[in-house]
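Observations on chain architecture
Residue strings, one per chain:
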Amino acid sequence: MKKFILAIDQGTTSTRASLIDKEGNIFYKSQQEIKCSFPHDGWVEQDAIDVWLSLLNVVNDLLAKTNLNYSNIDSIGITNQRETTVIWSKLDGMPVYPALVWQSRQSAYICDGIKKYETLVYDKTGLIINPYFSASKIRFILDHIADGQKRAENGELMFGTIDTWLMYKLSNGKIFKTDVTNASRTMLFNIKTLNWDDELLRIFNIPKILLPKVCPSSHYFGDATFLRKGLKICGVAGDQQAALFGQNCINKGDIKSTYGTGCFVLMNTGNDIVFNKDGLITTIAWQIGDDVHYALEGSVFVGGASIQWLRDQMRMFKDAKDSEAYAKAVDDTLGVYVVPAFVGLGAPYWDDDCRGAVFGLTRATTKEHFIRATLNSIALQTKDVIEEMEKQSKKKIPSLRVDGGATSNSYLMQFQADILGSKVIMPKNLETTSLGAAYLSGLNSGYWKNIEEINKVHKIDREFIPRMTEEEKEEINKKWKIAIKSTRMFK
Ligand code: ADP
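First things first, this report covers the structure right here in the doc. Just so it is clear, the structure is predicted and the values come from calculations on it, not from any experiment.

Observations regarding the overall build of the protein
Along the backbone of the protein there are 16 helices and 23 strands. At 22 Å, the protein has a C-alpha radius of gyration in line with the 23 Å of a compact globule built from 491 residues. Expressed along its principal axes, the backbone C-alpha trace of the protein runs to roughly 65 × 55 × 40 Å. Roughly 19700 Å² of accessible area belongs to the protein as shown, and the carbon and sulfur atoms make up 51% of that amount.

Structural data, given as structure tokens:
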């Protein structure tokens with residue numbers, strides 16, 4: 001009987017289930033959108049029950065459409081939106097508050113109150129104090145439900161990121177675990193000792209009993225008995241880490257960028273914990289057995305979203321893919337630079353307060369130039385993050401592996417290669433997040449014998465070779481830096 005790994009990718013906007021075969025191909029994929037609510041400015045919430053039901057829907061749909069059943073599944077790998085915080089009651093397994101999504105900023109005031117611990121927090125977690133991470137979100141929920149602190153201390157409540165929540169439900173309440181990658185995004189986990197950190201727990205006044213057990217990413221977590229007795233969950237990782245693994249970035253120095261709504265760049269730093277105070281965060285890439293890999297990470301807030309903005313607000317075209325033909329219709333941007341700092345700038349600038357800007361307009365500027373300059377801005381922001389990584393590792397990166405929706409734009413990918421002066425490599429299977437979760441699970445279950453076997457199944461589709469002259473590159477870089485600087489001054 002043919003067996004597959006069931007990869008569950010629970011993202012911010014949708015839940016996907018895929019069946020992945022031994023050759024690393026997606027046999028079939030099922031997807032369902034999930035809703036976010038925005039109760040106040042800057043608040044982003046989800047219903048954790050909706051998230052759980054969406055998982056059941058996509059898995060059912062997958063099996064129905066393929067005419068397969070659970071006996072065709074070797075094991076389950078889960079990857080998830082990171083940092084999103086769920087707290088539920090131990091008594092009935094029901095959430096006690098909406099899930100606070102990673103982007104949500106209602107706990108900003110809690111972060112402001114603990115700024116004095118910045119160095120301590122950074123040294124232990126590799127993170128900057130920001131409402132993005134789970135700790136202040138947990139504090140917020142405990143402060144906004146009746147007797148929250150008391151119930152947490154009495155062991156009546158459970159906290160989990162989405163992986164923990166889904167495993168809890170899938171196991172009928174038996175599994176209360178997370179993996180190191182998800183734990184490393186809570187701001188409560190010491191990435192050196194690989195334990196929940198008592199000092200951090202004290203700072204946030206969070207009782208340890210609320211937290212799940214932390215396990216390696218490739219590990220037998222327990223059984224998804226809700227689906228079928230004996231169906232094993234053997235892999236868990238946060239989405240960006242899963243993508244790094246799914247891109248086969250398994251060696252020190254390997255680097256990937258995901259081009260979705262935002263852009264997420266991760267560089268594998270091997271077994272070394274590399275700290276970078278110039279705008280990158282340090283995180284756990286994965287743990288397999290005792291082998292822990294770390295990564296440097298930089299996120300660009302507005303990547304593909306700038307193309308949505310051209311489409312929906314500027315009404316320049318009907319479909320994101322049209323941007324490519326427009327960009328290619330002209331030879332350059334005619335000196336136009338777009339800085340899409342719609343919500344401030346992420347890594348390596350971390351400037352919350354600046355807003356978007358356009359430079360270099362003339363009477364000759366056309367829509368084509370504007371579109372081309374906006375696409376360039378996605379690659380230029382990514383380059384800024386990679387430049388920081390190169391400074392840190394004192395090495396030029398030979399190549400960048402890419403995935404995400406906007407990689408379908410070959411103008412963008414070529415410009416990325418040009419401006420980096422490094423090769424851009426696109427895998428055949430762009431669903432690298434699901435692939436990563438599947439690889440982690442299959443490695444533990446024995447579906448794949450070892451990483452070398454996975455190496456063999458990983459296929460490359462296209463490569464973009466840099467072809468811009470040094471002078472051209474320098475000129476664009478120089479102007480771009482001025483554009484960033486000026487944008488940050490306009491407040
Ligand atoms: P997410 O997982 O963040 O929802 P996806 O990986 O699905 O994102 O990618 C969607 C993003 O990619 C959108 O912001 C969209 O504007 C952008 N995008 C999709 N196709 C193209 C294209 N051909 N050129 C440029 N951007 C694109």
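Structural notes on the environment of V44
You can see V44 is positioned in the loop between β3 (26-33) and β4 (45-46). Remark: the alpha-carbon pair of V44 and K328, spanning 284 residues in sequence, is separated by 37 Å. Not counting residues up to four positions away in its chain, the partners in contact with V44 are C36, S37, F38, A99, L100, V101, Q103 and S104.

So, the packing of helix α12 (residues 367-393) against helix α16 (residues 470-489)
Their axes nearest at 11 Å, the elements α12 and α16 cross at an angle of 90°. Regarding the angle of α12 to α16, the classification is roughly perpendicular. Of α16, the residues touching α12 (which contributes S377, L380, Q381, K383, D384 and E387) are I476, N477, W480, K481 and I484. Classifying every residue of the contact of α12 with α16 by side-chain character gives four nonpolar, three polar and four charged.

Here we look at the site of the ligand
Contacts to the ligand come from 15 residues, most closely from T261, G304, Q308, G405 and N409. Take Q308: an N or O atom from its side chain is 3.4 Å from an oxygen atom of the ligand. In the complex, 74% of the free accessible area of the ligand, which totals 580 Å², lies under the protein chains. Examining the composition of the shell around the ligand, we find that three residues originate from one element, helix α10 (residues 305-312), more than from any other. Here the residues of the shell around the ligand sort into four nonpolar, 10 polar and one charged.

So, α10
Among all positions in α10, only A305, S306, I307, W309 and L310 are buried. Structurally, α10 contributes buried residues whose contacts are with α11 (322-328) and α12.

Examining the nonpolar core
Generally speaking, a soluble globular protein has its nonpolar side chains buried in company with each other. Counting 52 residues, the largest nonpolar core has Y259 and L400 as its most contacted members. Here this core gets 10 residues from one element, more than from any other, and that element is α12. When sequence neighbours within four positions are dropped, the list of residues in contact with L400 reads I255, K256, S257, Y259, I386, Q416, L420, K423, V424 and I425. The next biggest cluster of nonpolar side chains, apart from the first, holds 40 residues, and it includes W52, V86, F221 and L227.

Things to note about empty space enclosed by the protein
Under the counting rule described, the total for this entry stands at two cavities of 30 Å³ or more. Here the largest cavity is characterised by a volume of approximately 60 Å³. What lines the largest cavity is V300, F301, V302, G344, L345, G346, A347, Y349, Q381, D384, W480 and I484. Considering only enclosed or pocket space, the second largest cavity measures out at about 30 Å³ in volume. Partitioned by chemical class, the residues of the lining of the second largest cavity number four nonpolar, five polar and no charged.

Quick look at the packing of aromatic side chains
Aromatic rings in a pair are described by how distant their centres are and how their planes are angled relative to each other. Throughout the structure, instances matching the rule amount to 21 aromatic pairs. Relative to F226, the ring of W52 lies with its centre 5.0 Å away and its plane at 75°, an arrangement referred to as edge-to-face. Placement of W52 in helix α1 (residues 48-66) and of F226 in the loop between β13 (218-223) and β14 (232-238) is noted, with a sequence separation of 174 residues between them. On the accessibility criterion, F226 (41% relative accessible area) is partly exposed. For the ring pair W309 and F370, a centre distance of 6.4 Å and an interplane angle of 40° mean the geometry is tilted. Here W309 is found in helix α10, whereas its partner F370 is found in helix α12, with 61 residues between them in sequence. Within the aromatic cluster, the residues linked to one another by ring pairs are F245, W286, Y439, Y447 and W448. Its guanidinium or amino end placed over the ring of Y447, K22 lies 4.7 Å from that ring's centre, counting from NZ or CZ.

Reading guide: rules and limits
Along every chain, residues carry numbers that run from 1 in the direction the sequence is written. Residues qualify for local features only when their pLDDT is at least 70, as the model is predicted, and side-chain atom pairs are given and counted only at 80 or more; totals for whole chains, interfaces and linings, by contrast, use all residues. The side-chain numbers reported here are obtained from all heavy atoms of the structure, hydrogens and water having been left aside. Only DSSP runs of H or I with at least four residues qualify as helices, and only runs of E with at least two residues qualify as strands; both kinds are numbered from the N terminus onward. Here the globule rule reads 2.2 Å times residues to the power 0.38, and the radius of gyration is calculated from C-alpha atoms. Note that accessible areas follow from Shrake-Rupley with a 1.4 Å probe, and for residues the cover is restricted to the protein chains shown. Here, two residues are considered to be in contact whenever any of their heavy atoms come within 4.5 Å of each other. The angle between two axes is taken between their N-to-C directions and runs from 0 to 180 degrees, where each axis is a line fitted to C-alpha atoms and a helix contributes only its stretch in contact. Comment on the angle field: the value is read as roughly parallel under 35 degrees, roughly antiparallel over 145, roughly perpendicular from 65 to 115, and oblique elsewhere. Following the grouping adopted for this structure description, the nonpolar residues are Ala, Val, Leu, Ile, Met, Phe, Trp, Tyr, Cys and Pro, the charged ones are Asp, Glu, Lys and Arg, and the polar ones are all others, Gly among them. Nearness is defined per residue: one heavy atom within 4 Å of the molecule or strand is enough. As used in this structure description, the phrase polar contact means that two N or O atoms lie within 3.5 Å; if the pair is within protein, one of them must be able to donate a hydrogen and the other to accept it, and residues adjacent in sequence are counted only when both atoms belong to side chains. Relative accessibility under 20% of the residue-type maximum defines a buried residue, over 50% an exposed one, and the middle range a partly exposed one, all with a 1.4 Å probe and only protein chains included. Residues belong to one nonpolar core when they are buried, are Ala, Val, Leu, Ile, Met, Phe, Trp, Tyr or Cys, and are joined through side-chain atoms within 4.5 Å. Cavity and pocket criteria rest on a 1 Å grid covering protein atoms alone: a 1.4 Å probe that fits but cannot get out defines a cavity, protein on both sides within 12 Å along at least 5 of 7 lines defines an open pocket, and an atom within 4 Å of a point defines a lining residue. Grid points are joined across faces, edges and corners, and a volume is the space filled by probe spheres set on the points. Here a pair means two rings of Phe, Tyr or Trp (six-membered ring of Trp) with centres within 6.5 Å. Their orientation is stacked below 30 degrees between planes, edge-to-face above 60, and tilted elsewhere. Whether a charge sits over a ring comes down to the Lys NZ or Arg CZ being within 6 Å of the ring centre and within 35 degrees of the ring normal.

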